[in-house]
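# Close look at the chain arrangement
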Amino acid sequence: MSSKSNESGVLEKQTSSIRCIIDSPEKQERLYKRTLLIVVLSQIFGGAGLAAGVTVGALLAQDMLGTDSLAGIPAALLTLGSAVAALLVGRISQRHGRRVGLGAGFLAGGIGAIGVIFAAIAQNVPLLFISLLIYGAGTATNLQARYAGTDLAKPKQRATAVSIAMVSTTLGAVAGPNLVEVMGGFATSLGIPALAGPFILGAAAFILAGLVFLLFLRPDPLLVANAISEAQKVDHRNLSDLHTNKTATNNRGIIVGAVVMILTQIVMVAIMTMTPIHMKHHGHGLGEVGLVISIHIGAMYLPSLLTGVLVDKLGRTAMSFASGAILLAAGVTAALAPADSMALLITALALLGLGWNFGLISGTALIVDATHPSTRAKTQGTIDVLIALAGASGGALSGMVVANASYAALSLAGGFLSLLLIPVGIWYHRSQSVEKSESMTL
């Protein structure tokens, strides 16, 4: 009985706290800023966890499997695991709030990283694959955390809120690859294979990111956003509000936002996955691989503050066009770069990261614009599943393309695939213009 009464007391306290925020725009703004601060802190840890698998996952699998043709499997498993986790995290968040969903996702990623370490020690390939699948939960959660900052953001703040979450990932994500050799040496001193070293960092980072959400994300921003939306329905029952509620979910916006993020994910994962293998074949060491990947990850996240402002000011469509053009430049540069040219490889991977950044932030803003709080987290989780599956396909196919053709062929194919973003953006822009003119006529 006492346990039930304690539970009900906590629930009542949380409901009362949410009710106070609903009635105060100042408290909503304070909670929005506090949520961004918590997201920033968690993303610093999450970025370090994310970078571990990206940097050495393919090399660890290559070492354990003894073949290059399956070196894309780790990226495929990571993104496949991230697909399942994205769906679960989205649904848990919709039902119980961001705190529980994101906290559980990061903790699962930490457990997966620990599994990878044990797999490397035992040279157990099945355990490695299972652990990489679970580790993907951390990757999915790291990506979904960007939505937490948008729950209480005003429409003109949404892309900027996403960008703040993403730029904070840079601190951990850039440091992670540059610690490859340090963590490798630390692992070796413990009797663990050097390539498993970064996963020690990944385990600690994901677990800390999860604890930040579980301990500090109160009141939950998504639950508050839902409560505000419900209160507005009750308080303003007139024709204009009915129209707003009816059109709160914009299916065309959801489709276009999803397509933008899916295409950029395929191109980015495919080229990024095979770059360490390409470099290793041409005599580059782990330190050089770590440098290229850290610059790539920095370009994925560091420009986010500027990108968010540009997406809010110039529009979602314009920035998705820019994403396609930059990804094309990345693919062409990677294809033409001499294998021994660190400068051109760094340039290609930096452009690849920047193009992905533009696509992800513009696509995310489209999704947030097009969804209602009552279904937002669930929809976001479903879309992140598609993004993860797209990445899994890109990762799995990249090894086969390079084995049967070349790294240059893979890079060119990815670059030209990104051009599909342009007709998709034109279709959305035209449909929005038609809708706007029809609403003005009415």
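Residues numbered from 1 in each chain as written. Predicted model: local features only at pLDDT ≥ 70, side-chain atom pairs only at ≥ 80, totals over all residues. Heavy atoms only, no water.

## Description of the environment of T139
- With respect to the element layout, T139 can be found in helix 5 (residues 125-148).
- For T139, a relative accessible area of 21% gives the class partly exposed.
- Taking C-alpha positions, T139 is 9.2 Å from A51, a pair spaced 88 residues apart along the chain.
- What T139 contacts, discounting residues up to four positions off in sequence, is L50, S82 and F206. (Helix = DSSP H or I, 4+ residues; strand = E, 2+ residues; numbered from the N terminus. Buried < 20%, exposed > 50% of the residue type's maximum accessible area, 1.4 Å probe, protein only. Contact = heavy atoms within 4.5 Å.)

## Some thoughts on the environment of V89
- Within the fold, V89 resides in helix 3 (residues 73-96).
- Along the chain, V89 and V100 lie 11 residues apart, while their C-alpha atoms are 8.6 Å from each other.
- Setting aside chain neighbours within four positions, we find V89 in contact with G101, L102, G105, T141 and Q144.

## As for the nonpolar core
- Core analysis: the biggest nonpolar cluster contains 84 residues, and L60, F199, F213, Y301, L352 and W356 have the highest contact counts within it.
- Here this core takes 13 residues from helix 15 (residues 342-370), the largest share from any one element.
- Ignoring any residue separated from it by four or fewer positions in sequence, one finds L352 in contact with V267, M268, I271, M272, H296, L327 and A330.
- If you look at the next biggest cluster of nonpolar residues, it comprises 11 residues, including L31, Y32, A153 and V224. (Core = buried A, V, L, I, M, F, W, Y, C linked by side-chain atoms within 4.5 Å.)

## Some words on a nonpolar patch on the surface
- Together, L80, I111, I130, L133, I134, L386 and L389 make up an exposed nonpolar region whose accessible area comes to about 570 Å².
- Looking at the nonpolar patch, the elements with two or more residues in it are helix 5 and helix 16 (376-404).
- Considering every element that reaches the nonpolar patch, the biggest residue donor is helix 5, with three residues.
- You can see L386 is positioned in helix 16.
- Judged by its relative accessible area of 41%, L386 is partly exposed. (Patch = residues over 30% accessible without salt bridge, like charges linked within 9 Å, V, L, I, M, F, W, Y side chains within 5 Å. Areas by Shrake-Rupley, 256 points an atom, 1.4 Å probe, with all protein chains shown as cover. Salt bridge = Lys/Arg side-chain N within 4 Å of Asp/Glu carboxyl O.)

## A word on the side chain of Q380
- For Q380, the location among the structural elements is in helix 16.
- Within polar-contact distance, the side chain of Q380 engages the side chain of R98 at 2.9 Å.
- Discounting residues that sit within four places of it in the chain, Q380 has contacts with R98, Y147, I367 and V368. (Polar contact = N/O pair within 3.5 Å; in protein donor to acceptor, adjacent residues only side chain to side chain.)

## Thoughts on unusual backbone geometry
- In this structure, P219 follows R218 across a cis peptide bond, with omega equal to -10 degrees.
- Mapping P219 onto the fold places it in the loop between helix 8 (197-216) and helix 9 (221-235).
- For Q123, which is not glycine, the phi dihedral falls at a positive 50 degrees.
- If you trace the backbone, Q123 turns up in the loop between helix 4 (98-122) and helix 5.
- Taking the relative accessible area as the measure of exposure, Q123 reaches 44% and is therefore partly exposed.

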